[in-house]
Amino acid sequence: MELLKNLPEMDLMRSEKMTFVQLIIPVESAHRAVSYLGELGLLQFRDLNDDKSPFQRTFVNQVKRCAEMSRKLRFFKEQIHKAGLLSALPTMQPDVDLEALEIKLAEHEHELIEMNANSEKLQQTYNELLEFKIVLQKAGGFLVSGKSYETPEGIELNEDVYPSDYPESASLLEQATQSGPSNLSGLRFISGIVPKSKVLLFERMLFRATRGNLLFNQAPADDLIMDAVSSEMVEKVVFVVFFSGEQAKTKILKICEAFGANCYPVPEDLTKQSQITQEVLSRLSELETTLDVGIRHRNAALHSIGVHLTIWMNMVKREKAVFDTLNMLNFDVTKKCLVGEGWCPIFAKPQIQEALQRATFDSNSQVGIIFHVKDTVESPPTYFRTNTFTNAYQEIVDAYGVAKYQEANPAVYTVITFPFLFAVMFGDWGHGICLLLGALILIARERKLSSQKLGSFMEMLFGGRYVILLMSLFSIYCGLIYNEFFSVPFHIFGASAYRCRDASCSEAQTIGLIKYRDAYPFGVDPSWRGSRSELPFLNSLKMKMSILFGVAQMNLGIILSYFNSIFFNNSLDIRYQFVPQMIFLNSLFGYLSLLIIIKWCTGSQADLYHVMIYMFLSPFDDLGDNELFWGQRPLQIVLLVSALVAVPWMLFPKPFILRKLHAERFQGRVYGILRNSEIDTDSEPGSARHHEEEFNFSEVFVHQMIHSIEFVLGSVSNTASYLRLWALSLAHSELSTVFYEKVLLLAWGYENFLIRMVGLAVFAFATAFILLMMETLSAFLHAIRLHWVEFQNKFYGGDGYKFKPFSFATIADDED
Amino acid sequence: MGFLLTTLIFVAIGIIASLCTRICFDKGPSANLFHLTLVITATVCCWLMWAIVYLAQMNPLIVPILSEVE
């Protein structure tokens, strides 16, 4: 005991000591102080303005400005992404002032929006001109061939522009044009361009609207054109509609509008047509160059923004975080100081004081920042200082529940027992080597992978790389013990301990081999694999092994609860909880473990099921063949009685003693209240004392009863639960055997090279996906369950809350 | 090799491992205690596993019966 008390405190065993502090900061140094504290990352602020809405807080305007700036930055990022520019590498920049940044961002945004609007307009004009050009080309062909006999020169110029579907309508047009081109009430035309998908419907609609009094010609455009509505490249069709009458014209125009068809005027005169075509072509080339220049200009602007973008985003995030934290502080009465409260670890106090002093100095403030310890009855947050190795295990434990302040941390033992129990269920040194290779690859590329953004599955794998490393090392060890290399046994540790009874091995298949030497020195004897009595032997071995591991781990849990009671000076718990729990568990299941070991050592044929069951049913009967050692019957009676005594021992005394203790304290309190009125009562301790004065006996008693019943019934169910170690290891071994014998050996039996390759491939895939992935996940899950439930419910409270300091480093992780 | 002898070998390996950890990763008394706990837990777990399998095979109640040779 003396040695135990003199040991230094273990690193990860209990939470760091935390203290509640109060900060009084003058306004001029507030912003700087909070930024320096954010860089330090060791103080958790308490939100003193909990009841106010976000709009009632002091610094709401600054937060809004920061939000606006980050919106602008996101807009820039999107634009850069749309323009297809690669993000530039961030350069080292001096710190930019926040207000200057705001103005700069507003300027850039304005510029960018303007450039975008201009280029859009230009693009639209460009599209229209393009359509006009195509209409001119195609429609010109329709019109010209109609006047073929009016101007012979026209024929020569435009002979090759005959549209394919035109000839049958030629006669109508010839008749019409004899009366002369475009008179007011004569035949007129509208030319335009319409998307190809709508052209049939368009034609039918026009036909109906004009009651069949029209002529519709169409020709497809050669290139894809940008559709203004959907901004995609679609096929369009040039059309010319010949009609007569004013009403028809309005109808047709309306229908064109409805279908999104653009109408362009095409002059009938040939020379005018060619003139206009030239004009359009030249304007198009001008526009092209203008657009080009515009895009390049915009890309240059975006590039210059992109260089600073990451730094600006980080800055704005940090500023927003600082203002959010400042919002948690209260203004004091004189409105000249901000008051803040929070938790910090005791070891960090000098660092925090130093940061605050620096802030006072840097902001040229006359008044220093006051930083002092304050009392509170609230329970502190839990803080474990983990490194990259222990972090994954702490997260596994925290996923179940964060440790209460300063209670024993199961992660200390989980670091070893979790990979070990995994390995008991996974034991195969071939698969272990594959896992080891995977873990080593992850660890070797640690630096590269930690800076990348990984998918969620890969991230979990990467985060647990040290867990997987230990899991694989223990799997190799257990695989050597189970003697399984992809389910094949080896004779690594010497010859087998079994051999045939005689030289001819005639009885090997009926009675079996005999054991002629000492037991195989390390692990399971290789003769067992493939024998008919393999399963009965291994099942018996693994079931008993699971019980032994289970009892050992549960005892460790109860012993940890003893250490907790010593730490919190709770002698009541030691006498009325730890002792009866130990007695109960060990007189039943500890005794079973002892019987298992004795049976193995003596080779007795006793039936342990029988022994245990009849220990309860008829303890006074003679044991007969089941006697394993002298004095077994009296010992069993003693153990049974002590187990039966332990149950009321853990159930009854504690609530009554608690009530007595509380009554004693409350009696002394009457005088205490008078004394306490002189001390300031405005803080929480006063109200907390009111709470303690109520002692609900029935509640305490029921709580204790639940706890005891849970332990008693749980001891049976938890011990049985450890049998999953047997179950999963059996499943793994059987799967492995099946894949080896029925896939690889079967395929290898054929002489054909192709079949052998196919068999090898199937074996590799099955091993990788079923055994390495599915079985790993399965064993991982069951090992976690054994730790969370069977191990931790013996001692773990797990109702604390985690220490979340205000830190710039975590903000960067959060936002992403 | 005998149960006792191999147990002593495990104990020796445990002691050597603790010494190596103390030499290579000396980071203050509380961290050293933590490392020592880890090494001892690992040694005990491994020894327990080996001992169980060894004891189970010391006086077996059944022997391997070979299956039909194909």
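Just so we're clear, the structure is a prediction, and the values are computed from it rather than from any experiment.

Enquirer: Looking at this model, I keep getting lost on the overall build of chain A. Mind explaining?
Expert: Broken down by element type, chain A carries 26 helices and 13 strands. In chain A, which comprises 816 residues, the proportion classed as buried is 45%. In chain A, once contacts between residues fewer than 6 apart in sequence are set aside, the share between residues at least 24 apart is 81%. For chain A, the accessible surface area stands at approximately 43900 Å², while carbon and sulfur atoms represent 60% of it.

Enquirer: Can you walk me through the nonpolar core in this structure?
Expert: Most often, soluble globular proteins keep nonpolar side chains buried together rather than apart. Core analysis: the biggest nonpolar cluster contains 112 residues, and F420 and V424 of chain A together with M49 of chain B have the highest contact counts within it. Setting aside chain neighbours within four positions, we find M49 of chain B in contact with F420, V424, Y477, C478, I481, Y482, M545 and F549 of chain A. The next biggest cluster of nonpolar side chains, apart from the first, holds 54 residues, and it includes L23, F45, A321 and F803 of chain A.

Enquirer: How do you make sense of the side chain of K654 of chain A when you look at a structure like this?
Expert: Residue and element names in this part refer to chain A. Within the fold, K654 resides in helix α21 (residues 653-676). For K654, a relative accessible area of 14% corresponds to the buried category. For K654, the side chain forms a polar contact with the side chain of D573, separated by 2.8 Å. In contact with K654, not counting residues within four places along its chain, are L572, D573, Y576, Q577 and Q704.

Enquirer: What should I look at first to understand the packing of aromatic side chains in this one?
Expert: Describing an aromatic ring pair means giving the distance of the ring centres and the angle of the ring planes. Residue and element names in this part refer to chain A. Across all of its chains, the model carries 45 aromatic pairs over all chains by this definition. Measuring from centroid to centroid gives 5.9 Å for F216 and F239, while their planes differ by 10°, and the two rings are stacked. Remark: F239 occurs in strand β7 (residues 236-244) and F216 occurs in strand β4 (residues 215-220); sequence separation between them is 23 residues. Of the two residues, F216 and F239, both sit in the buried class. With a centroid separation of 4.5 Å and an interplanar angle of 50°, the aromatic rings of W429 and F485 are classed as tilted. One end of the pair, W429, is in helix α13 (residues 429-444); the other, F485, is in the loop between α16 (465-482) and β12 (498-499), and 56 residues separate them in sequence. Residue W429 is classed as buried on the basis of its relative accessible area of 17%. Among the aromatic side chains, those forming a connected cluster through ring pairs are W429, F485, F486, F490 and F763. Its end group placed over the ring of F567, R14 keeps NZ or CZ at 4.1 Å from the ring centre.

Enquirer: Could you clarify how one ought to interpret the packing of helix α12 (residues 411-426) of chain A against helix α17 (residues 534-567) of chain A in this entry?
Expert: For any two helices packed against each other, the geometry is given by the interaxial angle and the distance between the axes. All names here are of chain A. At a minimum axis distance of 13 Å, the contact between α12 and α17 shows a crossing angle of 165°. Viewed along their axes, α12 and α17 adopt a mutual orientation that is roughly antiparallel. Regarding α12 and α17, the two cross each other, and that crossing is left-handed. Facing Y413, T417, F420, L421 and V424 of α12, the residues of α17 in contact are M545, F549, Q553, L556 and L560. Among the residues forming the contact of α12 with α17, the class breakdown is eight nonpolar, two polar and no charged.

Enquirer: Just checking my understanding: could you explain the sheet that holds strand β3 (residues 187-195) of chain A for this structure?
Expert: Backbone-to-backbone hydrogen bonds join strands into a sheet, with any given pair of strands oriented parallel or antiparallel. Residue and element names in this part refer to chain A. Pairing in this open sheet of four strands is antiparallel, and the strands run β4-β7-β3-β8 from one edge to the other. The open sheet has two edge strands, β4 and β8 (262-263), and neither has a second partner. Across two bridges, β3 lies against β8 in antiparallel orientation. The residue of β8 that forms the bridge with I193 is N262. Along the sheet, helix α7 (residues 199-209) makes contact with β3, β4 and β7, crossing β4 at roughly 170°.

Enquirer: For this particular structure, what's the right way to read the pattern of salt bridges?
Expert: Residues and elements named next belong to chain A. Going through the model one piece at a time under the given rule, you end up with 22 salt bridges over all chains. For R188, the salt bridge goes to E246, with nearest N and O atoms at 3.2 Å. With R188 in strand β3 and E246 in helix α8 (residues 246-259), this pair connects stretches of sequence that are 58 residues apart. As a salt-bridge pair, K374 and E341 come within 2.8 Å of each other at their nearest N and O atoms. Here K374, found in the loop between β11 (370-373) and α11 (388-400), pairs with E341, found in strand β10 (residues 337-345); they are 33 residues apart in sequence, far enough to count as distant. Where salt bridges share partners, they join R46, E341, K374 and E378 into one cluster.

Enquirer: Teacher, can you tell me more about the interface of chain A and chain B here?
Expert: The accessible area lost on association of the parts is a frequent measure of interface size. Chain A puts 55 residues into the contact, and the matching count from chain B is 34 residues. Of the roughly 4100 Å² buried between chain A and chain B, counting both surfaces, carbon and sulfur atoms make up 75%. The interface formed by chain A and chain B includes 13 residue pairs in polar contact (both at pLDDT 80 or more). Those elements giving two or more residues to the side of chain A that touches chain B turn out to be α12, α16, α17 and α18 (571-602) of chain A. Considering every element that reaches the side of chain A that touches chain B, the biggest residue donor is α12 of chain A, with seven residues. Of the residues assigned to the side of chain A that touches chain B, the class counts are 34 nonpolar, 14 polar and seven charged.

Enquirer: So what exactly am I meant to see when it comes to a nonpolar patch on the surface here?
Expert: All names here are of chain A. Together, F457, M458, M460, L461, F765, F769 and M773 make up an exposed nonpolar region whose accessible area comes to about 720 Å². Going through the elements one at a time, α15 (456-463) and α25 (753-791) are the ones with two or more residues in the nonpolar patch. Tallying contributions element by element places α15 first for the nonpolar patch, with four residues. Secondary-structure assignment places M773 in helix α25.

Enquirer: Would you mind going over the pairing of β3 of chain A with me for this structure?
Expert: Here is the key point about a regular strand: its side chains alternate between the two faces of the sheet. Residues and elements named next belong to chain A. The element β3 is largely enclosed, with a buried count of eight among its nine residues. Bridge count for β3 against β7 is nine bridges, and the pairing is antiparallel. Directly across from I193, in β7, lies its bridge partner V238.

Enquirer: It is not clear to me how the confidence of the model for chain A should be interpreted in this structure. Could you clarify?
Expert: Detailed reading of predicted coordinates is not advised where the pLDDT is low. All names here are of chain A. Of the residues in chain A, 88% reach a pLDDT of 70 or more, and the chain-wide mean stands at 85. Under a pLDDT of 50 for its full length, residues 148-184 has, in the predicted model, 34 contacts with residues more than four places off or in other chains. Here residues 677-688 is modelled with pLDDT under 50, and outside its nearest four sequence neighbours on either side it reaches five contacts, counting other chains as well.

Enquirer: Got a minute to help me understand the packing of α7 of chain A against α8 of chain A in this structure?
Expert: All names here are of chain A. It is at 10 Å that the axes of α7 and α8 come closest, and there the two elements cross at 155°. Relative to α8, the element α7 lies roughly antiparallel. In the packing of α7 onto α8, the handedness of the crossing is right-handed. For the pair α7 and α8, contact is made by L201, F202, M205, L206 and A209 and by K251, I252, I255, C256 and F259, respectively. Partitioning the contact of α7 with α8 into residue classes produces nine nonpolar, no polar and one charged.

Enquirer: Help me understand the side chain of E407 of chain A in this model?
Expert: Residues and elements named next belong to chain A. Take E407: it is sitting in the loop between α11 and α12. The side chain of E407 is buried and forms no salt bridge, while K404, the nearest opposite charge, is found at 5.0 Å. In this structure the side chain of E407 is engaged in a polar contact, spanning 2.9 Å, whose partner is the backbone nitrogen of G798. When sequence neighbours within four positions are dropped, the list of residues in contact with E407 reads M13, R14, N564, F568, F795, Y796, G797 and G798.

Enquirer: Help me understand empty space enclosed by the protein, please; the structure alone is not making it clear to me.
Expert: A probe as big as a water molecule, rolled over the atoms, marks out the empty space that is left. All names here are of chain A. In the structure shown here, the tally under the stated rule is four cavities of 30 Å³ or more. Lining the second largest cavity, in full, are Y482, N483, E484, P489, V524, D525, P526, W528, R529, E534, L538 and K542. Ranked by the residues each element gives to the lining of the second largest cavity, the list is headed by α17, at three residues. Here the lining of the second largest cavity is composed, by residue class, of six nonpolar, one polar and five charged.

Enquirer: Honestly, the state of the cysteines in this entry has me stumped. Any pointers?
Expert: In protein structure, a disulfide is the covalent linkage between the sulfur atoms of two cysteines. Enumeration over the complete set of coordinates arrives at zero disulfides over all chains. Unpaired in this structure, C434 of chain A has its nearest cysteine sulfur neighbour in C478 of chain A, at a distance of 16 Å.

Enquirer: Would you mind showing me how to read α8 of chain A here?
Expert: Quick reminder: α-helices carry 3.6 residues per turn. Residues three or four places apart thus point the same way. All names here are of chain A. With 14 residues, α8 ought to run about 20 Å at 1.5 Å a step, and its terminal C-alpha atoms sit 20 Å apart, in line with that. Among all positions of α8, only A248, I252, I255, C256 and F259 are buried. Down the axis of α8, the buried set is contained in an arc of 105°. They therefore lie on one face. Along α8, exposed side chains directed more than 90 degrees from the buried face belong to E246, Q247, K254, E257 and A258. Here the buried face of α8 lies against β3, α7, β7 and β8. One or two residues past the end of α8 sits G260, with phi positive at roughly 70°.

Parameters and conventions
- Position numbers for residues start from 1 in each chain and track the written sequence from start to end.
- Numbering of ligands from 1 and lettering of chains from A proceed in the order in which they are written.
- Only residues with pLDDT of 70 or above have their local features reported here, since the model is predicted, and side-chain atom pairs are shown and tallied only from 80 upward, although totals for entire chains, interfaces and linings are computed over all residues.
- With hydrogens and water set aside, each side-chain value is computed from the structure's full complement of heavy atoms.
- Secondary structure elements follow DSSP: runs of H or I no shorter than four residues count as helices, runs of E no shorter than two count as strands, and numbering proceeds from the N terminus.
- Throughout, exposure labels follow a simple rule: accessible area from a 1.4 Å probe, protein chains only, divided by the maximum for the residue type, with under 20% read as buried, over 50% as exposed, and the rest as partly exposed.
- Residue contacts follow a heavy-atom distance rule, with two residues in contact if any of their heavy atoms lie within 4.5 Å.
- Areas reported as accessible are Shrake-Rupley estimates using a 1.4 Å probe. Residue values count occlusion only from the protein chains shown.
- Buried residues of nine kinds, namely Ala, Val, Leu, Ile, Met, Phe, Trp, Tyr and Cys, make up a nonpolar core once their side-chain atoms join them within 4.5 Å.
- Think of a polar contact as two N or O atoms within 3.5 Å of one another; within protein, one of them needs to be a possible hydrogen donor and the other a possible acceptor, and neighboring residues in sequence only count if both atoms come from side chains.
- Planes of paired rings set the category: under 30 degrees apart is stacked, over 60 is edge-to-face and the rest tilted, where pairs are Phe, Tyr or Trp rings (Trp by its six-membered ring) whose centres lie within 6.5 Å.
- Charges are assigned to positions over rings by a cutoff of 6 Å between ring centre and Lys NZ or Arg CZ, combined with an angular limit of 35 degrees from the ring normal.
- Interaxial angles span 0 to 180 degrees and are taken between N-to-C directions of axes, which are lines fitted to C-alpha atoms, for helices over the stretch in contact.
- In these notes the angle categories are as follows: under 35 degrees is roughly parallel, over 145 is roughly antiparallel, 65 to 115 is roughly perpendicular, and the rest is oblique.
- The hand of a helix crossing depends on one turn: near helix anticlockwise from the far one by less than a right angle means left-handed, and clockwise means right-handed.
- For this scheme, ten residues count as nonpolar: Ala, Val, Leu, Ile, Met, Phe, Trp, Tyr, Cys and Pro. Four count as charged, namely Asp, Glu, Lys and Arg, and the remainder, Gly too, count as polar.
- DSSP-based pairing: two strands are paired if at least 2 bridges between them are found.
- Note on definitions: salt bridges are taken to be side-chain nitrogens of Lys or Arg within 4 Å of carboxyl oxygens of Asp or Glu.
- Take the accessible area each of two parts loses on contact, using a 1.4 Å probe, and add the two losses: that sum is the buried area.
- The patch calculation keeps residues exceeding 30% relative accessible area without a salt bridge and links them within 9 Å when they carry like charges or within 5 Å when they are nonpolar (Val, Leu, Ile, Met, Phe, Trp, Tyr).
- pLDDT is a per-residue confidence score from the predictor, ranging from 0 to 100.
- Residues counted as positive are Lys and Arg, residues counted as negative are Asp and Glu, and His and the chain ends are not counted.
- A cavity here means a set of points on a 1 Å grid, drawn over the protein atoms and nothing else, where a 1.4 Å probe fits but cannot get out; a pocket is an open set with protein on both sides within 12 Å along at least five of seven lines, and a residue lines either one if it has an atom within 4 Å of a point.
- Grid points are joined across faces, edges and corners, and a volume is the space filled by probe spheres set on the points.
- Working definition: a disulfide is two cysteine sulfur atoms within 2.5 Å of each other.
- Helices are assigned an expected span. That span is 1.5 Å times one less than the residue count.
- Working definition: the arc comes from the directions between the helix axis and the C-beta atoms, pointing outward to the latter.

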